[in-house]
Amino acid sequence: EAGVAQSPRYKIIEKRQSVAFWCNPISGHATLYWYQQILGQGPKLLIQFQNNGVVDDSQLPKDRFSAERLKGVDSTLKIQPAKLEDSAVYLCASSLAEAGSSYNEQFFGPGTRLTVL
Amino acid sequence: GENVEQHPSTLSVQEGDSAVIKCTYSDSASNYFPWYKQELGKRPQLIIDIRSNVGEKKDQRIAVTLNKTAKHFSLHITETQPEDSAVYFCAASSSGGSNYKLTFGKGTLLTVNP
């Protein structure tokens, strides 16, 4: 089966510019996650969707970050305006189980490496 | 919220030796503990996981142990090979109401020297 797809793979922008990332989860996976992985650290959850609804966005900096999953399939994550500290790899993941299940194997995409200059 | 501590941050072993990575968690309600392997520039991939109703799980050269009382779990790799070199992340699944989410440790860079 095809894995989680993400684009672009790399992006370089100036601070205060905006950027958008796209993710297409594994077909049939109800739950979609966006993570931020800063160099040398583990992934940090930004937002979690179940179908087209948000179930957790407690760690999303809502003043500059937004995300949507309008049709319950693919998703976009936007940063506007970007700051230097946003430089990181943005990982998308999906899982088959619903958000109410703790046994959620998550499948990760290849990530988008963002550099903010 | 959940907090996961992982040690050591770097680990270097000789090929054929064993490697052990340890994690502690704070939320006693956490009940699922996966381990991910991330090779340089690649995506994290699940290598083994354990649920809180089990104390140990083994898959070939990889094993995970869980001590719920002490709130710690460990990854054991035996007969290490150069291709085991990667960053390993532990995680704990905790509940926020009806939603479960993974909290990751900071990772361990394992280097297996030929």
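Just above sits the structure.
So, a few notes on the structure that sits alongside this text. (Residues numbered from 1 in each chain as written. Chains lettered and ligands numbered in written order. Predicted model: local features only at pLDDT ≥ 70, side-chain atom pairs only at ≥ 80, totals over all residues. Heavy atoms only, no water.)

Turning our eyes to something else, we now look at the sheet that holds strand E1 (residues 5–7) of chain A. Think of a sheet as strands paired side by side through backbone hydrogen bonds, with each pair either parallel or antiparallel. All names here are of chain A. The four strands are arranged E1-E3-E8-E7 in an open sheet whose pairing can be described as antiparallel. The outermost strands of the open sheet, each flanked by one partner alone, are E1 and strand E7 (65–68). When strand polarity is set aside, the average angle formed by the axes of neighbouring strands in this sheet is 15 degrees. Sheet topology note: the E1/strand E3 (residues 19–24) ladder contains three bridges and is antiparallel. Bridged to Ala5 within E3 is Asn24. (Pairing = 2+ DSSP bridges. Helix = DSSP H or I, 4+ residues; strand = E, 2+ residues; numbered from the N terminus. Axes fitted to C-alpha atoms, helices over the stretch in contact; angles between N-to-C directions.)

For the largest pocket, the calculated volume is near 680 Å³. A:Gln37, A:Leu39, A:Gly40, A:Arg113 and B:Gln38 are, among the 31 residues lining the largest pocket, the residues nearest its centre. Where the lining of the largest pocket is concerned, the elements lending two or more residues are strand E9 (88–95) and strand E11 (112–116) of chain A together with strand E9 (86–96) and strand E11 (108–113) of chain B. In the lining of the largest pocket, the residues fall into 13 nonpolar, 13 polar and five charged. By volume, the second largest pocket is sized at about 400 Å³. Lining the second largest pocket we find 20 residues, and of these A:Pro43, A:Lys44, A:Gln59, B:Thr103 and B:Phe104 sit closest to its centre. Among the elements of the structure, strand E5 (44–50) of chain A together with strand E1 (4–7) and strand E10 (99–104) of chain B are those that each provide at least two residues to the lining of the second largest pocket. In terms of residue class, the lining of the second largest pocket is built from six nonpolar, nine polar and five charged. (1 Å grid on protein atoms, 1.4 Å probe; cavity = no way out; pocket = protein on both sides within 12 Å on 5 of 7 lines; lining within 4 Å. Points joined across faces, edges and corners; volume = space filled by probe spheres on them. Nonpolar A, V, L, I, M, F, W, Y, C, P; charged D, E, K, R; others polar.)

All names here are of chain A. All told, the structure shown has 13 aromatic pairs over all chains when counted by the stated rule. Both rings, one in Phe21 and one in Tyr90, keep their centres 5.1 Å apart while their planes meet at 25 degrees; by these two values the pair is stacked. Of this pair, Phe21 sits in strand E3 while Tyr90 sits in strand E9; the two residues are 69 residues apart in sequence, bridging distant segments of the chain. Judged on exposure class, the residue Phe21 and its partner Tyr90 are both buried. Taken together, a centroid distance of 6.4 Å and an interplanar angle of 40 degrees make the contact between Phe65 and Tyr90 tilted. Within this pair, whereas Phe65 is found in strand E7, its partner Tyr90 is found in strand E9, the two being separated by 25 residues in sequence. Each member of the pair, Phe65 together with Tyr90, is buried. (Phe/Tyr/Trp six-rings, centres within 6.5 Å; stacked < 30°, edge-to-face > 60°. Buried < 20%, exposed > 50% of the residue type's maximum accessible area, 1.4 Å probe, protein only.)

All names here are of chain A. In this structure the tally under the stated criterion is two disulfides over all chains. Paired by a disulfide, Cys23 and Cys92 hold their sulfur atoms 1.9 Å apart. Looking along the S-S bond of the Cys23-Cys92 disulfide, the torsion reads about -70 degrees, which is the left-handed sense. With Cys23 in strand E3 and Cys92 in strand E9, this residue pair connects regions lying 69 residues apart in the sequence. For the pair formed by Cys23 and Cys92, the shared burial category is buried. (Disulfide = S-S within 2.5 Å.)

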